[in-house]
Amino acid sequence: SMKTSEELRYAILALQREGNRSLIGALKPLGVTPAQAEVIRVLDEYQPLTLSGLGELLICENGTGPSRLVDRLVAQGAVQRTVAEVDRRSVTLVLTPAGRALSAGIARVESALYDTIDAVTAGQPVEAMLTLARTMLAGSAAGAALARRATPALPPLLA
């Protein structure tokens, strides 16, 4: 039989896979992947952001990999790169009007997902699970991104 730690590992993996599978299906009509949807939602909340500032807030994608995601969203017309007048090397990312409309659709999908999670976890020790998750994520880039997004008092690093 499985050790508790082994079952926990696979339970987390299974939850992530199941959740991602249903999210992929729900986002399909909008033409975005879960990782692209996260970029759009983060930009909607924190724009303008540099590529590195965006990377520090992403959880789906490792912090080093948002450039290809952004390239695809620029090609789709959802994200616009703006080059600062003062410093030509400084490129910031903002949503286009189409990107803002897409963000609203993604927000509806996320809201339905959160309603489902709330219904399934009603009466369960969710705060204890969050504490456990934060402890397990301590010291990781994804844990830091989650903390930045979960705590509005921690501003994203815009460098």
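Further up the page is the structure itself.
Student: Hey, could you run me through the side chain of Thr92 in this one?
Tutor: Within the secondary structure layout, Thr92 lies in strand S2 (residues 91-95). In this structure Thr92 touches Pro48, Leu49, Thr50, Gln80, Arg81 and Thr82, once residues within four positions along its chain are discounted.

Student: Just to check I follow, could you spell out the pairing of S2 for this structure?
Tutor: Here is the key point about a regular strand: its side chains alternate between the two faces of the sheet. The element S2 is extensively covered by neighbouring structure, given that 4 of its 5 residues are classed as buried. By the bridge criterion, 5 bridges tie strand S1 (residues 79-83) to S2 in an arrangement that is antiparallel. Paired with Arg81 across the two strands is Leu93, which belongs to S2.

Student: Please explain helix H4 (residues 66-75) as it appears in this structure.
Tutor: For the α-helix, the turn length of 3.6 residues means that residues three or four positions removed from each other point alike. Of the residues making up H4, those classed as buried are Pro66, Leu69, Val70 and Leu73. When H4 is viewed along its axis, its buried side chains cluster within an angular range of 95° and face the same direction. Of the residues in H4, the exposed ones pointing more than 90 degrees away from the buried face are Arg68 and Ala75. Those residues of H4 that are buried are in contact with helix H2 (34-46), helix H3 (51-55), S1 and S2. Gly77 sits one or two residues past H4 and shows a positive phi near 85°.

Rules and cut-offs
- Residues numbered from 1 in each chain as written.
- Predicted model: local features only at pLDDT ≥ 70, side-chain atom pairs only at ≥ 80, totals over all residues.
- Heavy atoms only, no water.
- Helix = DSSP H or I, 4+ residues; strand = E, 2+ residues; numbered from the N terminus.
- Contact = heavy atoms within 4.5 Å.
- Buried < 20%, exposed > 50% of the residue type's maximum accessible area, 1.4 Å probe, protein only.
- Pairing = 2+ DSSP bridges.
- Arc of directions from axis to C-beta.

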